[in-house]
Amino acid sequence: MNQRKKLIHTTSLPIRWGDMDAYGHVNNTVYFRYMEQARVEWIEDMQVLVRPGGDGPVIVNAACTFLRPMTYPGTVEVRTYVGAIGRSSCQTHVDMLIDGELYAEGAAKVVWMNTQTGKSVPLPDHVRALLEAE
C-alpha cells in the first residue's frame with residue numbers, strides 16, 4: 001500500500017459476544033461486517049442514501065488481512081481511508097484497531113452503479129469533491 005491515502009471516516013464498534021466463534025475469537029466473517037458498517041456510515045455521512053433504486057455505491061471486491069485475533073469484550077476503532085479515485089470508483093483501505101493497536105487491515109473497491117441497469121455511472125459531483133478535498 002505505497003499509494004497515497006486519506007483518512008475519510010472513523011467509527012467505533014462494540015465487539016459483541018455473538019461475534020466470537022468456537023475458537024474464542026471474533027470470527028473472520030465479522031471483520032467484513034465491521035468494514036461494512038463503517039462503509040455505510042461513511043457513505044451516509046456524505047448524504048448518499050444506501051437504499052435500492054437509482055444510482056448508488058456497491059463494492060466489487062473486498063479483502064482483509066487478520067493480524068491479531070480480536071476477542072470479547074472490546075471496542076474496534078475502524079478507520080477508513082480513500083486511495084485511488086477513478087471515473088466511477090474509489091479504492092478504500094481500512095485499519096481496525098483496539099486500544100490503538102492494529103488488529104486487521106482491509107480494503108474494498110467502491111463503484112457507483114445504476115441499480116436498474118447494473119452498469120457503472122460517474123461518481124456524484126459532491127462525492128468526488130469530498131474525496132478529492134485536501
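Whatever comes next refers back to the structure up there.
Quick summary incoming for the structure in this document.

What counts, and where the lines are drawn
- Residues numbered from 1 in each chain as written.
- Predicted model: local features only at pLDDT ≥ 70, side-chain atom pairs only at ≥ 80, totals over all residues.
- Heavy atoms only, no water.
- Core = buried A, V, L, I, M, F, W, Y, C linked by side-chain atoms within 4.5 Å.
- Buried < 20%, exposed > 50% of the residue type's maximum accessible area, 1.4 Å probe, protein only.
- Helix = DSSP H or I, 4+ residues; strand = E, 2+ residues; numbered from the N terminus.
- Contact = heavy atoms within 4.5 Å.
- Expected span 1.5 Å × (residues − 1).
- Salt bridge = Lys/Arg side-chain N within 4 Å of Asp/Glu carboxyl O.
- Polar contact = N/O pair within 3.5 Å; in protein donor to acceptor, adjacent residues only side chain to side chain.
- Pairing = 2+ DSSP bridges.
- Axes fitted to C-alpha atoms, helices over the stretch in contact; angles between N-to-C directions.

1. Let's talk about the nonpolar core
Turning to step 1, where the next piece is worked out: Core analysis: the largest hydrophobic core is formed by 17 residues, its most contacted members being Y34, M70, V76, V78 and M96.
Turning to step 2, where the next piece is worked out: Taken together, the elements giving at least two residues each to this core come down to β1 (6–15), α1 (28–45), β3 (74–85), β4 (89–98) and β5 (101–114).
Turning to step 3, where the next piece is worked out: Per-element tally for this core: the top contributor is α1, with five residues.
Turning to step 4, where the next piece is worked out: Those residues in contact with M96 that lie beyond four places of it in its chain are Y31, Y34, M35, C64, M70, V76, E77, V78, E101, L102, Y103 and A104.
Turning to step 5, where the next piece is worked out: Residues V48, C90, W112 and V121 belong to the second largest nonpolar core, which totals twelve residues.

2. Observations regarding α1
One full turn of an α-helix is made of 3.6 residues, so residues set three or four places apart face in the same direction.
Turning to step 1, where the next piece is worked out: When the terminal C-alpha atoms of α1 are compared, their 27 Å separation across 18 residues agrees well with the 26 Å that a helix rising 1.5 Å per residue should span.
Turning to step 2, where the next piece is worked out: Tucked inside the fold, the buried residues of α1 contact β1, β2 (55–66), β3, β4, β5 and α2 (125–132).
Turning to step 3, where the next piece is worked out: Of the residues flanking the end of α1, it is Q47, one or two places downstream, whose phi is positive at about 65 degrees.

3. Some remarks on the pattern of salt bridges
Turning to step 1, where the next piece is worked out: Evaluated as defined, the whole model comprises five salt bridges.
Turning to step 2, where the next piece is worked out: The salt bridge partner of R33 is E36, with a shortest N-O separation of 2.9 Å. Pair noted here: R33 and E36 are both in helix α1, with a separation of three residues, about one helical turn.
Turning to step 3, where the next piece is worked out: Take R33: its relative accessible area is 54%, and that puts it in the exposed class.
Turning to step 4, where the next piece is worked out: For E36, a relative accessible area of 32% translates into the label partly exposed.

4. Details of the side chain of T11
Turning to step 1, where the next piece is worked out: Structurally, the position occupied by T11 is in strand β1.
Turning to step 2, where the next piece is worked out: For T11, a relative accessible area of 10% gives the class buried.
Turning to step 3, where the next piece is worked out: A polar contact is formed between the side chain of T11 and the side chain of E41, at a distance of 2.7 Å.
Turning to step 4, where the next piece is worked out: Non-local contacts of T11, meaning those with residues more than four positions away in its chain, are made with A38, E41, V76, E77 and V78.

5. With respect to the sheet that holds β2
Turning to step 1, where the next piece is worked out: Spatial ordering of the open sheet is given by β1-β3-β4-β5-β2, a layout of five strands whose pairing is antiparallel. Edge positions in the sheet fall to β1 and β2, since each of these pairs with one other strand and no more. Taken pair by pair, the neighbouring strands of this sheet meet at an average axis angle of 25 degrees, ignoring direction.
Turning to step 2, where the next piece is worked out: Both β2 and β5 contribute to a ladder of eleven bridges, which runs antiparallel. Bridging from a neighbouring strand, D55 pairs with N114 of β5.
Turning to step 3, where the next piece is worked out: Sitting on the sheet, α1 is in contact with β1, β2, β3, β4 and β5, with an inclination near 125 degrees to β1.

6. Focus on unusual backbone geometry
Turning to step 1, where the next piece is worked out: The peptide bond linking Y72 to P73 adopts the cis configuration, its omega dihedral lying at -5 degrees.
Turning to step 2, where the next piece is worked out: Structurally, P73 can be placed in the loop between β2 and β3.
Turning to step 3, where the next piece is worked out: Phi is positive for Q47, which is not a glycine, with a value near 65 degrees.
Turning to step 4, where the next piece is worked out: Looking at the element boundaries, Q47 is found in the loop between α1 and β2.
Turning to step 5, where the next piece is worked out: Of note in this structure, D99 is not a glycine but carries a positive phi near 50 degrees.

Remember, this is a structural readout, not a statement about activity or role.
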